[in-house]
Amino acid sequence: MRKLKLLACAAALLALAHPAIVPPVLGTLGLVLGVLAAVAGWALAHLSLTLTLAATALILRGFPSFRGWLLRSWVASVAAVAPVKA
């Protein structure tokens, strides 16, 4: 908490010393927060994909010998739901 207060005081002093940089800095901060919110929203909207990727990463980390089997199962699952090209 103390470091956060120190950081806020330093930011306030910099804003007072250089008022011209405040709007671009706030704009950049808003853009970064917007991108983070968009990524979090996408991950929550596609929760099954996100959890499947996380489970796959954990399985591969714990059982490296299952890499080929997981690859074949991924290909088969994508082929099952992908539209067939005419």
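Going by the structure above, here's the rest.
(A) Seen up close, the overall build of the chain. When its secondary structure is counted, the chain shows four helices and zero strands. In the chain, the order of α-helices and β-strands from amino to carboxyl end is α-α-α-α. A compact globule built from 86 residues would reach a C-alpha radius of gyration of about 12 Å, whereas the chain, at 23 Å, exceeds it by more than 25%. Here the C-alpha coordinates of the chain stretch approximately 60 × 40 × 15 Å along the principal axes. Carbon and sulfur atoms form 79% of the exposed surface of the chain, whose accessible area is close to 7700 Å².

(B) Structural context of a nonpolar patch on the surface. On the surface, a cluster of nonpolar side chains totalling about 490 Å² of accessible area is made up of L26, L29, V32, L33 and L36. Position of L36 among the secondary structure elements: in helix α2 (residues 22-45). Accessibility expressed as a relative area gives 54% for L36, which makes it exposed.

(C) How the structure looks around the environment of A12. With respect to the helices and strands, A12 occurs in helix α1 (residues 2-17). In sequence terms A12 and V22 are ten residues apart; their C-alpha atoms lie 9.9 Å from each other.

(D) Fine view of helix α4 (residues 67-81). Helix length check: α4 (15 residues) gives 22 Å between terminal C-alpha atoms against 21 Å at 1.5 Å per residue, within 8%. Little of α4 sits inside the fold, with one of its 15 residues counted as buried.

(E) Quick peek at the side chain of T56. Secondary-structure assignment places T56 in helix α3 (residues 47-62). With relative accessibility at 15%, the residue T56 sits in the buried group. A distance of 2.7 Å separates a polar side-chain atom of T56 from the backbone oxygen of T52. In this structure, T56 is in contact with L70 and W74, ignoring residues within four places of it in sequence.

(F) Here's a closer look at the packing of aromatic side chains. Applying the stated rule across the entire model yields two aromatic pairs. Aromatic side chains F63 and F66 sit 5.6 Å apart centroid to centroid with 40° between the ring planes, which places their arrangement in the tilted category. An aromatic cluster is present here, built from F63, F66 and W69 joined pairwise through their rings.

(G) Layout of the packing of α2 against α3. Orientation of α2 relative to α3, taken along the N-to-C sense of each, is 90°, at an axis distance of 5 Å. Our classification of the angle between α2 and α3 gives roughly perpendicular. Between α2, through W42, A43, L44 and A45, and α3, the contact on the second element is made entirely by L47, L49 and T50. Of the residues that constitute the contact of α2 with α3, the class distribution is six nonpolar, one polar and no charged.

Conventions adopted
Residues numbered from 1 in each chain as written. Predicted model: local features only at pLDDT ≥ 70, side-chain atom pairs only at ≥ 80, totals over all residues. Heavy atoms only, no water. Helix = DSSP H or I, 4+ residues; strand = E, 2+ residues; numbered from the N terminus. Rg over C-alpha atoms; globule rule 2.2 N^0.38 Å. Areas by Shrake-Rupley, 256 points an atom, 1.4 Å probe, with all protein chains shown as cover. Patch = residues over 30% accessible without salt bridge, like charges linked within 9 Å, V, L, I, M, F, W, Y side chains within 5 Å. Salt bridge = Lys/Arg side-chain N within 4 Å of Asp/Glu carboxyl O. Buried < 20%, exposed > 50% of the residue type's maximum accessible area, 1.4 Å probe, protein only. Expected span 1.5 Å × (residues − 1). Polar contact = N/O pair within 3.5 Å; in protein donor to acceptor, adjacent residues only side chain to side chain. Contact = heavy atoms within 4.5 Å. Phe/Tyr/Trp six-rings, centres within 6.5 Å; stacked < 30°, edge-to-face > 60°. Axes fitted to C-alpha atoms, helices over the stretch in contact; angles between N-to-C directions. Parallel < 35°, antiparallel > 145°, perpendicular 65-115°, else oblique. Nonpolar A, V, L, I, M, F, W, Y, C, P; charged D, E, K, R; others polar.

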